[in-house]
Amino acid sequence: DRIVDATVTAIESGGEPGLRVNDIARESNVSVATLYHYFGDREGLVVAARVKQYLGSTGVYLKDFARAVSELKSAQEFAEIVKVFFDRSIAAGNRKQRFLRAEILGSSRTRPLLAASLREIQEDHLRGLTDVFGMAKDRGFIASNVDPRDVAEFALAINLGSVIPVVVAGDASHGESLSRILPLLVDQVLVQQKVKSSAS
């Protein structure tokens with residue numbers, strides 16, 4: 001953990017090109033041989049650091065979301081919780097995290113080890129979200145024609161793609177298109193029938 005933390009710090013301050021194994025060994029108080037023993041080579045070290053960065057930037061608050069859904073009483077409450085889930089993913093304060101996710105995903109195109117690690121993380125998120133949305137459907141909160149896995153994949157696509165409005169808006173704004181359209185999608189597609197029935 002100490003070695004990985006030192007590598008993350010080095011990448012964040014000087015980027016990957018400036019990363020030196022000898023510097024990391026010195027900063028983490030280990031020998032270069034020990035570093036290679038755990039990570040194999042410089043690439044293994046960079047991948048471990050990138051995976052840690054990615055895990056810290058995903059914006060998927062799965063445990064909080066699962067706990068909240070398990071305590072709900074109605075489809076209307078579920079709709080509001082899902083909106084909060086999306087709001088946390090696209091919040092303006094997450095701008096730096098969104099760019100970091102995009103940077104790491106882009107880097108994985110030419111790094112099989114990193115790509116495999118990110119795939120595992122996303123599959124874990126997908127399984128977890130599918131379980132939560134499946135629980136919501138079992139309790140009658142999700143429209144009958146909606147597949148929980150489809151919703152989970154959509155949620156992850158929004159999470160990872162939320163950098164696009166930021167790129168389009170530039171420095172002037174974090175982009176508001178997602179915050180306008182997502183509540184409508186939740187009400188009209190995900191839980192439309194249940195929201196209507198609970199309001200009547």
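These lines cover the structure that appears in this document, whether it is placed above or below.

### Section: empty space enclosed by the protein
The probe, sized like a water molecule, is rolled over the atoms to show the empty space still left. In the structure shown here, the tally under the stated rule is one cavity of 30 Å³ or more. Of the pockets and cavities examined, the largest cavity occupies roughly 30 Å³. Lining the largest cavity, in full, are Lys83, Phe86, Asp87, Leu182, Pro183 and Val186. Across the lining of the largest cavity, the residue classes tally to four nonpolar, no polar and two charged.

### Brief notes about the packing of helix α5 (residues 62–70) against helix α8 (residues 112–138)
Where α5 meets α8, the axes come as close as 10 Å, and the angle between the chain directions of the two elements is 10 degrees. As the angle between them shows, α5 and α8 are arranged roughly parallel. Packed against α5, whose contacting residues are Leu62, Phe65, Ala66, Val69 and Ser70, the element α8 presents Gly128, Leu129, Val132, Phe133, Met135 and Ala136 at the interface.

### Quick look at the packing of helix α9 (residues 148–161) against helix α11 (residues 177–190)
Relative orientation of the contacting elements α9 and α11 amounts to 175 degrees, with a least axis distance of 13 Å. Taken as axis vectors, α9 and α11 run roughly antiparallel relative to one another. Contact residues: α9 offers Val151, Phe154 and Ile158, while α11 offers Leu178, Leu182, Leu185 and Leu190. Across the contact of α9 with α11, the residue classes tally to seven nonpolar, no polar and no charged.

### Here we look at the layout of surface pockets
Within this model, the largest pocket holds a volume of roughly 220 Å³. Forming the boundary of the largest pocket are Ile11, Glu12, Gly15, Glu16, Arg50, Gln53, Gly56, Ser57, Lys96, Gln97, Leu100 and Glu103. Elements that contribute at least two residues to the lining of the largest pocket include exactly α1 (2–14), α4 (42–55) and α7 (95–107). With four residues, the top contributor of residues to the lining of the largest pocket is α7. Along the lines of polarity and charge, the residues of the lining of the largest pocket split into two nonpolar, five polar and five charged. Each pocket or cavity is described by its volume, and for the second largest pocket that value is around 170 Å³. Along the walls of the second largest pocket sit Phe86, Val146, Asp150, Val151, Phe154, Leu185, Val186, Val189 and Leu190, which together make up its complete lining. Contributions of two or more residues to the lining of the second largest pocket are made by α9 and α11. Ranked by residue count, the leading element in the lining of the second largest pocket is α11, at four residues. Tallied by class, the residues present in the lining of the second largest pocket amount to eight nonpolar, no polar and one charged.

Definitions and cut-offs
Residues numbered from 1 in each chain as written. Predicted model: local features only at pLDDT ≥ 70, side-chain atom pairs only at ≥ 80, totals over all residues. Heavy atoms only, no water. 1 Å grid on protein atoms, 1.4 Å probe; cavity = no way out; pocket = protein on both sides within 12 Å on 5 of 7 lines; lining within 4 Å. Points joined across faces, edges and corners; volume = space filled by probe spheres on them. Nonpolar A, V, L, I, M, F, W, Y, C, P; charged D, E, K, R; others polar. Axes fitted to C-alpha atoms, helices over the stretch in contact; angles between N-to-C directions. Helix = DSSP H or I, 4+ residues; strand = E, 2+ residues; numbered from the N terminus. Parallel < 35°, antiparallel > 145°, perpendicular 65-115°, else oblique. Contact = heavy atoms within 4.5 Å.

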